[in-house]
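# Examining the three-dimensional arrangement
Each chain is listed here by its residues.
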Amino acid sequence: MRIVLMGAPGSGKGTQAQRLIERFGIPQISTGDLLREAAARGTPYGLRARAAMDSGALVADEIVLGIIRERLGQADAARGFILDGFPRNLPQAEALASMLDTIGKPLDVVVLFEVDYAEIVRRISGRRTCPRCGRVFNVHTHPPGTPPHCDQCDDRPKLVQRRDDEEVTVKRRLQVYEEQTRPLAEHYAAQGLLRVIQADAPVDVVTARLIEVLEPLERAQ
Ligand code: AP5
């Protein structure tokens, strides 16, 4: 299965991608995570990416496409993948299509997560991440204890808030989503690849809706 998860910041793409890994036996490829790793390593590309991410803008296509090309070339992506946060504009969508055409393995489906604005703001303000294992928590729906610590790591590191989850940056990210990413829905609808799910429901309900969309496609393979 070659899956794209699309949706506004905080719509739950990362949370659901994590759940699909085991179910479909394919890796999650999150450009946000890959860019944060590059930024943490302090490479010149990473530092350029960090500046864009901290402002809420998109990172330059040349950087993102380089990272994606390398990641899709790794052995674990040969059976399929869950793209989370990529593509995010038309040039990225076109570059992805041409990469996949070259190997004769086009996308199977693009799932768009619909969540209303107020819920997105609530989710993002409550998001906390473990700096060790990267697991995502939410103080509203998954209280990890007070003070908040990761309950999955032995040394229980203190959870942290993402730098780009501050209110002013979130507003900019949502604006960038509406202007540059959301129009991809029409692009994929025209190709017959788009499925839309209501994602403003509890996590398990959203997973069930997602599986309902994906299983028939898996059976058809
Ligand atoms: P990225 O890391 O991709 O962030 P994003 O797309 O803005 O998405 P988020 O990670 O904020 O949200 P999510 O949808 O994964 O939600 P989550 O599951 O965490 O990108 C960050 C930056 O990197 C971009 O701004 C850009 O600068 C750069 N970038 C990345 N990709 C790029 C690209 N292709 N091109 C250019 N630049 C790029 O959930 C959010 C919270 O809600 C969590 O706390 C979670 O626990 C909670 N939650 C999840 N589901 C539910 C539910 N059903 N009910 C209640 N709470 C829920």
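Here we summarise the structure given alongside this text. Not measured: the values here are computed from a predicted model.

It is worth spelling out the site of the ligand at this point. Taken together, 34 residues are adjacent to the ligand, and Thr15, Ala57, Arg88, Arg127 and Arg173 come closest. Gly14 is positioned with one of its backbone polar atoms (N or O) 2.9 Å from an oxygen atom of the ligand. The protein chains hide 96% of the 1000 Å² of surface that the ligand would expose on its own. Within the residue set of the shell around the ligand, elements represented by two or more residues are α1 (13-24), α2 (31-41), β6 (136-138) and α9 (203-219). The element best represented in the shell around the ligand is α2, accounting for four residues.

For the rest of this paragraph, the subject is the pattern of salt bridges. Pairing is possible between side chains that carry opposite charge, provided their charged atoms lie close to one another. Taken as a whole and assessed by the stated rule, the structure comprises 17 salt bridges. With its nearest N and O atoms 3.9 Å apart, the salt bridge here joins Arg50 to Asp54. Of the two residues, Arg50 and Asp54 are both situated in helix α3 (residues 44-55); the distance of four residues between them amounts to about one turn of the helix. Overlapping salt bridges bring together Arg127, Arg162, Asp164, Asp165 and Arg173 as one network.

Counting buried positions along strand β1 (residues 2-7) yields six of six residues, so the element is predominantly enclosed. Side-chain alternation along β1 places Arg2, Val4 and Met6 on one buried face and Ile3, Leu5 and Gly7 on a second face that is also buried. Here β1 runs beside strand β3 (residues 81-84); their pairing, made up of four bridges, is parallel. Across the sheet, residue Val4 finds its bridge partner in β3, namely Leu83. Alignment of β1 against strand β4 (residues 109-114), held across five bridges, turns out to be parallel. Residue pairing for β4: Met6 is matched across the bridge by Leu112.

The subject of this paragraph is the layout of surface pockets. There is about 240 Å³ of room inside the second largest pocket. Along its surface, the second largest pocket is lined by 15 residues, and Leu34, Ala38, Arg41, Ile67 and Glu70 are the ones closest to its centre. At the level of elements, α2, α3 and α4 (61-72) are the ones that each hand at least two residues to the lining of the second largest pocket. Of the residues contributing to the lining of the second largest pocket, the split by class is seven nonpolar, four polar and four charged.

As a further point, take the environment of Arg132. With respect to the helices and strands, Arg132 occurs in the loop between β5 (127-129) and β6. Take Arg132: its relative accessible area is 53%, and that puts it in the exposed class. Residues within four places of Arg132 in sequence aside, it is in contact with Cys153, Asp155 and Pro157. Looking at Arg132, its side chain comes within polar contact range of the side chain of Asp155, at 2.3 Å.

A few words on the environment of Asp164. Position of Asp164 relative to the elements: it lies in the loop between β6 and α7 (167-181). Put simply, Asp164 and Arg50 are 114 residues apart on the chain and 9.8 Å apart in space, counted from C-alpha to C-alpha. If we skip the residues at most four places from it in the chain, Asp164 touches Met53, Thr169, Val170 and Arg173. Within the structure, Asp164 has its side chain in polar contact with the side chain of Arg162 (distance 3.0 Å).

Thresholds, definitions, all that
- Residues numbered from 1 in each chain as written.
- Predicted model: local features only at pLDDT ≥ 70, side-chain atom pairs only at ≥ 80, totals over all residues.
- Heavy atoms only, no water.
- Near = heavy atom within 4 Å.
- Polar contact = N/O pair within 3.5 Å; in protein donor to acceptor, adjacent residues only side chain to side chain.
- Areas by Shrake-Rupley, 256 points an atom, 1.4 Å probe, with all protein chains shown as cover.
- Helix = DSSP H or I, 4+ residues; strand = E, 2+ residues; numbered from the N terminus.
- Salt bridge = Lys/Arg side-chain N within 4 Å of Asp/Glu carboxyl O.
- Buried < 20%, exposed > 50% of the residue type's maximum accessible area, 1.4 Å probe, protein only.
- Pairing = 2+ DSSP bridges.
- 1 Å grid on protein atoms, 1.4 Å probe; cavity = no way out; pocket = protein on both sides within 12 Å on 5 of 7 lines; lining within 4 Å.
- Points joined across faces, edges and corners; volume = space filled by probe spheres on them.
- Nonpolar A, V, L, I, M, F, W, Y, C, P; charged D, E, K, R; others polar.
- Contact = heavy atoms within 4.5 Å.

It is worth stressing that arrangement in space is one thing and function is another; only the former is reported here.
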